Amino acid sequence: MSVRRSNAALVERNRYEAERSSRVSHKRVGLRPLGVLSRIKDHYASLIPREITLYHVLFLVSLVVLLIFGLFMVYSASAPASESSAENHTYTLVLQVAWIAIGSAFAAAFASVDYHRFYKGKLLVIVCIAILILLIWTRFFSPKTKGAYRWFYIPGTPVSFQPSEFAKITILLVVVSVIEKWNQGEMDIKQLLGTCALGVIAPLVMVLIQPDKGTTATVVVSIFVMLHLAGVDIRILLAAAIILFGLFLAYSLLQEYSRDRIMILLNPRSDPLDKGYQLLQSWYAFGKGGLFGVGLGLSSQKYGYLPEAHNDFIFSVMGEELGFVGCVLFLVLFTTFIYAGLRLALRAADQEGLILATGAMVLLGFQFLVNICSVLGLIPMTGKPLPFISYGGSSVLSCMILVGMVASVILRSDPSERVFIERRKRMHLVEDATDSGSSGHLTLVEGKASLRHQSIEGAADRLRPTSRTSRQETPVVGHTLNRSTGRSTGRPSVSLASPSTRLTGLGQAHDPRHTSDDTRGRFS
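Conventions used here
- Residue indices begin from 1 for each chain and proceed along its sequence in written order.
- Reporting in this predicted model follows two pLDDT cut-offs: at least 70 for local features of residues, and 80 or more for side-chain atom pairs to be given and counted; totals over whole chains, interfaces and linings ignore these cut-offs and use all residues.
- Note that the side-chain values use all heavy atoms of the structure and ignore hydrogens as well as water.
- Strands are runs of DSSP state E lasting at least 2 residues, helices are runs of H or I lasting at least 4, and numbering of each runs from the N terminus.
- Burial classification: accessible surface area is computed with a 1.4 Å probe over protein chains only, and a residue below 20% of its type maximum counts as buried, one above 50% as exposed, and the rest as partly exposed.
- The contact definition used throughout considers only heavy atoms, calling two residues in contact when any of these lie within 4.5 Å.
- Surface exposure here means Shrake-Rupley accessible area, sampled with a 1.4 Å probe, where a residue is shielded only by the protein chains that are shown.
- An expected span of 1.5 Å times one less than the residue number is assigned to each helix.
- Pairing of aromatic rings covers Phe, Tyr and Trp, the last through its six-membered ring, and needs centres within 6.5 Å; plane angles under 30 degrees mean stacked, over 60 mean edge-to-face, and all others mean tilted.
- Think of pLDDT as the predictor's per-residue confidence, scored from 0 to 100.
- Patches here are clusters of residues that have more than 30% relative accessible area and form no salt bridge, with a 9 Å joining cutoff for like charges and a 5 Å cutoff for nonpolar side chains (Val, Leu, Ile, Met, Phe, Trp, Tyr).
- Throughout this description, the term salt bridge denotes a Lys or Arg side-chain nitrogen within 4 Å of a carboxyl oxygen of Asp or Glu.
- Cavity: a set of points on a 1 Å grid over the protein atoms alone where a 1.4 Å probe fits but cannot get out. Pocket: an open set with protein on both sides within 12 Å along at least five of seven lines, its lining residues, like those of a cavity, having an atom within 4 Å of a point.
- Grid points are joined across faces, edges and corners, and a volume is the space filled by probe spheres set on the points.
- Asp, Glu, Lys and Arg are counted as charged, while Ala, Val, Leu, Ile, Met, Phe, Trp, Tyr, Cys and Pro are counted as nonpolar; the rest, among them Gly, fall into the polar class.

### Quick look at the overall build of the protein chain
- Scanning the protein chain from N- to C-terminus turns up 17 helices and seven strands.
- Per-residue burial over the protein chain gives 39% buried out of 524 residues.
- Contacts in the protein chain between residues at least 24 apart in sequence constitute 67% of all its contacts with a sequence separation of at least 6.
- As displayed, the protein chain has an accessible area near 28800 Å², and 65% of this comes from carbon and sulfur atoms.

### Re helix α8 (residues 213–229)
- When the terminal C-alpha atoms of α8 are compared, their 25 Å separation across 17 residues agrees well with the 24 Å that a helix rising 1.5 Å per residue should span.
- For α8, the full list of buried residues reads K213, G214, T215, T216, T218, V219, S222, I223, F224 and M226.
- Each element contacted by the buried residues of α8 is listed here: α6 (163–183), α7 (189–208), α9 (234–254), α10 (256–266) and α13 (351–376).

### A short note on the packing of aromatic side chains
- On inspection of all chains with the given rule, the structure shows 15 aromatic pairs.
- Centre to centre, the rings of F315 and F330 are 6.2 Å apart; their planes meet at 40 degrees, and the pair counts as tilted.
- The exposure class assigned to F330 is buried, which follows from its relative accessible area of 3%.
- With a centroid separation of 6.4 Å and an interplanar angle of 55 degrees, the aromatic rings of F330 and F334 are classed as tilted. A residue pair is termed a helical-turn pair when its members lie 3 or 4 positions apart in one helix, as F330 and F334 do in helix α12 (residues 314–345) at four residues. Neither residue differs from the other here; F330 and F334 are each classed as buried.

### With respect to the confidence of the model for the protein chain
- When pLDDT is averaged along the protein chain, the result is 77, and 69% of the positions lie at 70 or above.
- The model gives residues 23–33 a pLDDT under 50, and that stretch makes one contact with residues more than four places away or in other chains.
- For residues 427–524, every residue scores under 50 in pLDDT, and the model assigns this stretch 141 contacts once sequence neighbours within four places are set aside.

### Quick look at a nonpolar patch on the surface
- On the surface, L291, F292, F324, V325, V328, L329 and V332 cluster together into a nonpolar patch covering about 680 Å² of accessible area.
- Locating L291 in the fold gives a position in the loop between α11 (277–289) and α12.

### Considering the environment of E180
- Relative to the helices and strands, E180 resides in helix α6.
- C-alpha of E180 to C-alpha of E352: the two residues are 172 residues apart in sequence and 6.7 Å apart in space.

### Structural notes on empty space enclosed by the protein
- Scanning the entire structure with this criterion turns up two cavities of 30 Å³ or more.
- When its volume is computed, the second largest cavity comes out at roughly 40 Å³.
- Surrounding the second largest cavity, D312, F313, N371, S374, V375, M381, T382, G383 and K384 form its lining.
- Across the lining of the second largest cavity, the residue classes break down as three nonpolar, four polar and two charged.

Written out as structure tokens, the structure is:
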């Protein structure tokens, strides 16, 4: 009797749960916005890394702290100028908050998309053509502002932006696309040169003649790092770097304003009221700050003495208000952000992800270095903003897009898969020839790819049997590889497959359906 009652209670409970779930699903159909938000929440929840390390925490926390600290510094450095121009001391701060909000939305959108889509397909070609057109229009048809043609003004609106800030992103994506297609054999030398000429060289030349030497140098350094990760010989890169530096220096010396900046760097007091004025005022700000600074918001240089106090020279205001100690802490914070991003880039699941994330982090780090050095008078002034700190919509958007691209790589990284891929890349075919002149056999070993005596194709042709009677079961000794860790177990594995079977599927994933359990995961 008790069993019947329990079964009846169970049936009633199941019926109640079914009716309740149907009512809930019916309500969700009516509330379509909640359904969309739920799907968005589930999508981003699925992107949470399976293994959250200290570098994930450092990367996110340092980025948030940089953005918040940048708002404080923008408000402090721009309050006097905003009060005099817009009669509202929070005018620039409100704009910066809006740009950070828009940039955060862009970063979240880029992070939610698989990074392989960034450099594949026709969309990248369309974006590159649009950026190149904007750069040409900006250089030849836009008005000159502050000695350069960097701003594109949208007709009929007060909105303007710098196309060069977004050109550096497209150039990085083009480099990654070229590296991937070249490694996979999808591009010959003519296609390589044509793509580099239109997608890399032409935008860089247009940025250089704006003139914007800071952005040009930053992008070139990032490209060199990406090429080094792609396997280009370091000696070739060093020779190319020396040649490009010589051409860059010669081009700078040919222009009068560049020569003036170099001479002012050597002796700013030679023209203290004109060409050397901005650098001297920057030094005065650091001198007033001393060890601990005059206090946040108490800078005197921002009251009309230091030009571009809330933009290119915001680090000078930071030095005056926070002193040497505050500047060192800021440098440590930004260095932590760059270091954590580079360490997470090493966990990328493939070479393209590694190159993309590393190139983006190097771009942000080198731009930071260029701004700090120019403000301190270590290099000629370039007019590059401080990432995440300086005021400017174009700078904030471009930096946040780069962060979103790096986050896309991080969220799709798998350390065990990365180790497995690197291990597989180190396994190469080697021909073992006998003294009697026989063709021997092929085996997979670790180390540099070297086929003694003949190529892989030739060895494959010789090893291909001509008839069924000529097939021989040749034992091949290889490594036993653990798939989860990518490390060799130290135990040799023996394959009795024929040469034609061993040559079938080289470079493809191992199919466990054609092997027994004790031979899965072995490379032979």
